There are 2 protein chains.
Amino acid sequence: MPTPRALAREQTMREIVRIGREHLGEVGPAALSLRAVARELGVVSSAVYRYVADRDALLTLLIVDAYDELGGAVETAIAGVRTRGEARFRARILAGARATREWAVAEPSRFALLYGTPVPGYRAPRDTVDPGIRVALALVGVLDEAYAAGVLASPQERLARPVRADLERQVRELGLALPTAALARAFALWSGLFGLVSFDVFDQYGAETLTDRGAFFEHQVGLLADLVGLPRAARAS
Amino acid sequence: MPTPRALAREQTMREIVRIGREHLGEVGPAALSLRAVARELGVVSSAVYRYVADRDALLTLLIVDAYDELGGAVETAIAGVRTRGEARFRARILAGARATREWAVAEPSRFALLYGTPVPGYRAPRDTVDPGIRVALALVGVLDEAYAAGVLASPQERLARPVRADLERQVRELGLALPTAALARAFALWSGLFGLVSFDVFDQYGAETLTDRGAFFEHQVGLLADLVGLPRAARAS
DNA sequence: GATAATCAAGAGCAGTGCTCACATTTGTGA
DNA sequence: TCACAAATGTGAGCACTGCTCTTGATTATC
């Protein structure tokens, strides 16, 4: 039976995260201010240190929060795909990628918090790694299923010994059916996806280079899906 | 004939950039302090505003500086490739990619300044876009040559209309021989490369996932080179 | 040589993260 | 029930930040 004080504490905690998230949306990670959060919480600045050790601790809270939301969005997007047959895997990857981009475009500051410059002096604690790889796991999961269904082309390039060893360990730890070379390609999909989204959100293409970034993204993800060995919908039968 | 004062000014300017670059290496973009630069310059904090309008202006200076160095490194790496025959294009792309990663690993803060979270409230001015695409241009140049030499496979996927229009304009403006679909793939190479480097520099792979990141990177870039249509060295003759 | 542009200094404003001594509230064991 | 201890909030304070403004010194130019 939780004491009322504990309840109040939990609620204050949630409130802090809420306000932090809100401010993050307005100013970006580097400018996030504990004092401003305290102000909006209606409390003097030093009081918030009773709940949050550090500015870094607040960032960690917000990082986990953001990872969770992004991970959830990608997972539900993948789960919501209704396509049937061999094309379903490619459709799932596309849906997950689209969800990633849409979340990032809608929440650029939070995306930046996760995949941009690490905040100065900030070292990610343990709690952030599990939610951090959720998106990657979702993508790899789809590819693993595709492989099990015999839809995924098996790459035949050879891997250097240390790379092979690392990937074999990953395959074991995650309990995958995927061959190691295919897992390597899954990594390419993952980092490629975030390269695309970063360039988009951080405006790395010139301002007037692309008129329809959504369509461009779609095409690029299609290329990544090719790379990873997923067949195109229109089969050359 | 430049007056001595103008000379002094230029030298001070260079000194500011030098110190800024140095501090950047220690603290990261968000924590870069004009006051600290002034201190090390041996001058009171307000004096540096005679040379640099803003903290943002200093960042712009450093951004251009970093873009130039990275661009130069990539260009000389590409120019230094001695491989002959059809394999030379792939070797050049690999060399450029390697140079990118090596520069980024050696200068994580400056890489972050270029490709990480845009600094809060910072809007890139005109001066930064030209040096900003130097790496991209170098890569595209290699691919264009490869295409002209008949070594680059021509992709046959179709492009959505807005994407095709944008890419066609790019082809025209840059005076490329490359088909638009190949340019699309060149973009994939570009963003993929920076996705890889970002993940590496910003520690996005778990801390203990990869034991030999250099080898892993090499493999991944190889995949991107495949994607873009460059033939592997070992031909299946 | 007088005038005007340039540069440096120093004080000051508003903001930041964070610490500490202190007061108040709240939970708990004797 | 009451005293004691833990938890929570306050306000002052330190050292730092970006940036502005006034004042004084230096330097170029007419």
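Position labels on residues start from 1 in each chain and follow its written sequence. Chain labels run from A onward and ligand labels from 1 onward, assigned in the order the entries are written. Owing to the predicted nature of the model, reporting of local features is limited to residues with pLDDT of at least 70; listing and counting of side-chain atom pairs is limited to 80 or more, with chain, interface and lining totals taken over all residues. Hydrogens and waters are ignored; side-chain quantities use all the structure's heavy atoms.

Draft legend 1. Representation of the protein's contact with DNA strand C within the structure. Throughout, near means a residue has at least one heavy atom within 4 Å of the molecule or strand. Lining the immediate surroundings of DNA strand C are 22 residues, of which L34 and R35 of chain A together with R9, S46 and R50 of chain B lie closest. Sugar plus phosphate: this is where 51% of the atoms of DNA strand C within 4 Å of the protein reside. Contact distances for DNA strand C include 3.1 Å between a phosphate oxygen and a side-chain N or O atom of S33 of chain A. We call two N or O atoms a polar contact when they sit within 3.5 Å, provided that within protein one can donate a hydrogen and the other can accept it, with sequence-adjacent residues counted only if both atoms are side-chain atoms. V44 of chain B is positioned such that a nitrogen or oxygen atom in its backbone is 2.9 Å from a phosphate oxygen of DNA strand C. Elements with a contribution of two residues or more to the surface near DNA strand C: α1 (4-27) and α2 (34-41) of chain A together with α1 (4-27) of chain B. The secondary structure listing takes helices from DSSP runs of H or I that are at least 4 residues long and strands from runs of E that are at least 2 residues long, numbered from the N terminus.

Draft legend 2. Highlighting the UniProt feature "DNA-binding region" (unreviewed entry) in chain A. UniProt positions are given in the numbering used here, feature names are shortened, and annotations may be inferred rather than shown by experiment. On the UniProt side, "DNA-binding region" (unreviewed entry) is annotated at positions that read residues 33-52 of chain A here. For residues 33-52 of chain A, the end-to-end C-alpha separation is 13 Å, with 40% helix and 0% strand making up the annotated structure.

Draft legend 3. Seen up close, the pattern of salt bridges. All names here are of chain B. One side-chain nitrogen of Lys or Arg within 4 Å of one carboxyl oxygen of Asp or Glu is enough to make a salt bridge. Scanning the model with the defined rule gives 40 salt bridges over all chains in all. In this structure, D65 engages R21 in a salt bridge whose closest nitrogen and oxygen atoms are separated by 3.1 Å. Taken together, the residues span a long stretch of sequence, with D65 in helix α3 (residues 55-79) and R21 in helix α1 at a distance of 44 residues. Using a 1.4 Å probe on the protein chains alone, a residue whose accessible area is under 20% of its type maximum counts as buried, one over 50% counts as exposed, and one in between counts as partly exposed. Of the residues examined, D65 reaches a relative accessible area of 18% and is grouped as buried. Residue classification places R21 among the partly exposed positions, given a relative accessible area of 26%. Between R185 and E157 there is a salt bridge whose closest N-O contact spans 2.9 Å. Of the two residues, R185 is situated in helix α9 (residues 180-201) and E157 in the loop between α7 (134-148) and α8 (161-174); the sequence distance between them amounts to 28 residues. Across the pair, exposure class does not vary: R185 and E157 are buried alike.

Draft legend 4. Representation of the packing of aromatic side chains within the structure. Only Phe, Tyr and Trp rings take part, Trp by its six-membered ring, and two of them pair if their centres are within 6.5 Å. Stacked means planes under 30 degrees apart, edge-to-face means over 60, and tilted covers everything else. Enumeration according to the criterion identifies 28 aromatic pairs over all chains in this entry. Between Y115 of chain A and F199 of chain B, the ring centres sit 6.4 Å apart and the planes meet at 15 degrees, which makes this aromatic pair stacked. On the criterion of chain membership, the pair formed by Y115 of chain A in helix α5 (residues 108-115) and F199 of chain B in helix α9 is interchain, its members lying in two chains. Under the relative-accessibility criterion, F199 of chain B is labelled buried at 3%. Through a chain of ring-to-ring contacts, three or more aromatic side chains come together here, namely Y67, F111, Y115, F187, W190, F194 and F202 of chain A together with F199, Y205 and F216 of chain B.

Draft legend 5. Representation of the protein's contact with DNA strand D within the structure. Taken together, 22 residues form the shell around DNA strand D, and within it R9, S46 and Y51 of chain A together with L34 and R35 of chain B come nearest. Residue Y51 of chain A places a side-chain N or O atom 2.8 Å away from a phosphate oxygen belonging to DNA strand D. Mapped by element, the contributors of at least two residues to the surface near DNA strand D are α1 of chain A together with α1 and α2 (34-41) of chain B. The greatest single-element share of the surface near DNA strand D, amounting to three residues, is contributed by α2 of chain B. All amino acids are sorted into three groups, where Ala, Val, Leu, Ile, Met, Phe, Trp, Tyr, Cys and Pro are nonpolar, Asp, Glu, Lys and Arg are charged, and the leftover types, Gly among them, are polar. When its residues are assigned to classes, the surface near DNA strand D shows eight nonpolar, five polar and nine charged.

Draft legend 6. Representation of the packing of helix α10 (residues 213-228) of chain A against α9 of chain B within the structure. Each axis is a line fitted through C-alpha atoms, taken for helices only over the stretch in contact, and angles between the N-to-C directions span 0 to 180 degrees. The contact between α10 of chain A and α9 of chain B brings their axes to 10 Å, and the two run at 80 degrees. In terms of orientation, α10 of chain A lies roughly perpendicular with respect to α9 of chain B. Together, F216, H219, Q220, L223 and D226 of chain A of α10 of chain A and A184, R185, F187 and A188 of chain B of α9 of chain B make up the contact between the two elements. Taken together, the residues of the contact of α10 of chain A with α9 of chain B break down into five nonpolar, two polar and two charged. Throughout, the term roughly parallel applies to angles under 35 degrees, roughly antiparallel to angles over 145, roughly perpendicular to angles from 65 to 115, and oblique to all others. Note on contacts: a residue pair qualifies if any of its non-hydrogen atoms lie within 4.5 Å across the two residues.

Draft legend 7. Region of interest: the interface of chain B and chain A. On the chain A side, the residues contacting the 51 residues of chain B number 51 residues. Put simply, buried area is the surface a 1.4 Å probe can reach on two separate parts but cannot reach once they are joined, added for both. Together chain B and chain A conceal approximately 4100 Å² of surface at their shared face, both sides included; 66% is due to carbon and sulfur atoms. Of all residues in chain B, T117, F199 and H219 of chain B bury the most surface against chain A, accounting for 13% of the area lost on that side. Our count for the contact surface shared by chain B and chain A stands at zero salt bridges. Between chain B and chain A we count 13 residue pairs in polar contact (both at pLDDT 80 or more) in total. Counting residues per element, the side of chain B that touches chain A draws most heavily on α9 of chain B, at 11 residues. Across the side of chain B that touches chain A, the residue classes break down as 28 nonpolar, 11 polar and 12 charged.

Draft legend 8. Region of the structure containing helix α10 (residues 213-228) of chain B. Residue and element names in this part refer to chain B. Here α10 is 16 residues long and its end C-alpha atoms lie 22 Å apart, about the 22 Å a rise of 1.5 Å per residue gives. Of all 16 residues that make up α10, 13 are buried, and the element is covered over most of its length. One side-chain oxygen of the residue at the start of α10 lies 3.3 Å from the amide nitrogen of G214, identifying that residue as D212. Once α10 ends, the next one or two residues include G229, with phi positive near 100 degrees. Helix span, expected: 1.5 Å multiplied by one less than the number of residues in the helix.

Draft legend 9. Looking closely at the relation of the copies chain B and chain A. Residues reaching a pLDDT of at least 70 in both copies supply the C-alpha atoms on which the copies are superposed by least squares. Placing chain B over chain A gives an RMSD of 0.1 Å and needs a rotation angle of 180 degrees, together with 0.0 Å of translation along the axis. Read as a symmetry element, the transformation amounts to a two-fold axis. Within chain B, the C-alpha atom positioned nearest to the axis of rotation is that of G195 of chain B, 1.9 Å from it. Most of the interface of chain B is mirrored in chain A, where 100% of its interface residues are also at the interface.

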